[in-house]
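Observations on the model geometry
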Amino acid sequence: MKIESIILPVHNSECWLDECLESVLEQDFKETMELSVFNDASEDGSAEIIERWKVKLEDAGIPVIIGSNDSSQPRGVGFAKNQAVIQSSGTYLCFLDSDDVMMPQRVRLQHEAAIQHPNSIIGCQIRREPLESTERYTRWINNLTEEQLLTQVFTSHGPTVIMPTWFCSREWFYHVGKFDEGGKGVPEDLLFFYKHIEKGGEVFRVDHCLLLYRYHPQAATHSVLEGTIWNHRVRFLEDRVLSYWTSFTIWNAGKQGKKLYRSLSPANQKKVTAFCDVDEKKITKGFYTYEESEERPKPKIPICHFREATPPFIICVKLDLTHGAFEENLNTLNLKEGMDYYHFN
């Protein structure tokens, strides 16, 4: 018999749990579904709320498995998600965060998609709460094309389908190999997503808004250091793209472009033939000198106008910020994303 397991890690979530658990009860999925909760050392009223909902959910035919870390120290969200998966028994896993709310058709529609796409992480479109928080990010996550779900995996936005919308088979989850359990400061979603891609996994998005995704400063996302994520992204780009290229241009002669150049391995630095830009001042300067280099003479990388530049490009320009000016420039070159360029904004 096929069961769906909803995977719910909890840590001090009392203010959102009622709404979250009610959204489990309201799923219109007709087959068997269970809820697997792992309470990671909550110090608020989360445990009582979970116990209360266990009764309601089980009355409605949804078994609830509850695990907990009863020490005073939380083990972190990677550990909590892994434990919730281990104690569950479903053929499919539906990941949910305790501060988010599912639309009633989420499990049904993602389950249908998962059957069609067995080696995929299935995501969905989201609605942000509050609505005006992270507008650029929300537009990006909701509007990526099917190809971009795989080509735009290097950007600072992280996974092209966000973790609280993830849905995949248990078999595939174990094939990728669980979440990193390093705890606070570890981008476990990003690392799992990268491993998934490295193992040939696909990414598919159900084009319906199936989750209300809350933004608030307490979110675990904010505890990961920017530098940590940057380093993981650079290594992933080097493995997946740059190792296959013999030369390339960095699009952006400003801070971000130079930072990328300095972060590359020496072998990949040598492949950078130029920086390109639209800023006349930078172009007039003519080149960038890599001052920190041990080499003598120090490497000098030419800076040219983007029309004079040679593809392929690694683009370090933020999308959706220049009222379409940058996108327009890129379009005039008639290049193919994933072949002639990748975004690393």
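Residues numbered from 1 in each chain as written. Predicted model: local features only at pLDDT ≥ 70, side-chain atom pairs only at ≥ 80, totals over all residues. Heavy atoms only, no water.

- Looking at an unreviewed UniProt entry, one finds the chain named Queuosine-tRNA galactosyltransferase isoform X1, with Apteryx mantelli as its source organism.

**Description of the sheet that holds strand β11 (residues 287-289)**
- Taken together, 6 strands build an open sheet; the order of strands is β11-β12-β10-β9-β13-β14 and the sheet is mixed. Strand pairing shows two members of the sheet lacking a second neighbour, β11 and β14 (341-343), which therefore form its edges. If you compare each strand with its neighbour and ignore which way they point, the axes differ by 25 degrees on average.
- Where strand β10 (residues 272-277) lies against strand β12 (residues 300-305), 3 bridges are found, and the strand directions are parallel. (Pairing = 2+ DSSP bridges. Helix = DSSP H or I, 4+ residues; strand = E, 2+ residues; numbered from the N terminus. Axes fitted to C-alpha atoms, helices over the stretch in contact; angles between N-to-C directions.)

**Some remarks on the nonpolar core**
- Counting residues in hydrophobic clusters, the biggest one holds 88 residues, and the most contacted among them are Phe-95, Leu-260 and Ile-314.
- Contact partners of Ile-314, with chain neighbours within four places excluded, come to Leu-237, Val-241, Leu-242, Trp-245, Phe-248, Thr-249, Ile-250, Trp-251, Leu-260, Tyr-342 and Phe-344. (Core = buried A, V, L, I, M, F, W, Y, C linked by side-chain atoms within 4.5 Å. Buried < 20%, exposed > 50% of the residue type's maximum accessible area, 1.4 Å probe, protein only. Contact = heavy atoms within 4.5 Å.)

**Here's the deal with the packing of aromatic side chains**
- Counted under the stated rule, the structure contains 25 aromatic pairs.
- Ring centres of Trp-230 and Phe-344 lie 5.3 Å apart, and the angle between their planes is 75 degrees; this geometry places the pair in the edge-to-face category. Here Trp-230, found in helix α9 (residues 226-240), pairs with Phe-344, found in the segment after β14; they are 114 residues apart in sequence, far enough to count as distant. Like Trp-230, the residue Phe-344 is buried in the burial classification.
- Each ring, one from Trp-245 and one from Phe-248, has its centre 6.0 Å from the other, and the planes form 50 degrees; the classification is tilted. Phe-248 shares its class with Trp-245; the two are buried.
- Here a set of aromatic residues connected by ring pairs shows up, and it is made of Phe-95, Trp-166, Phe-173, Tyr-174, Phe-179, Phe-192 and Phe-193.
- Residue placement shows Lys-259 over the ring face of Trp-230; its charged tip is 4.0 Å from the ring centre. (Phe/Tyr/Trp six-rings, centres within 6.5 Å; stacked < 30°, edge-to-face > 60°. Lys NZ or Arg CZ within 6 Å of the ring centre and 35° of its normal.)

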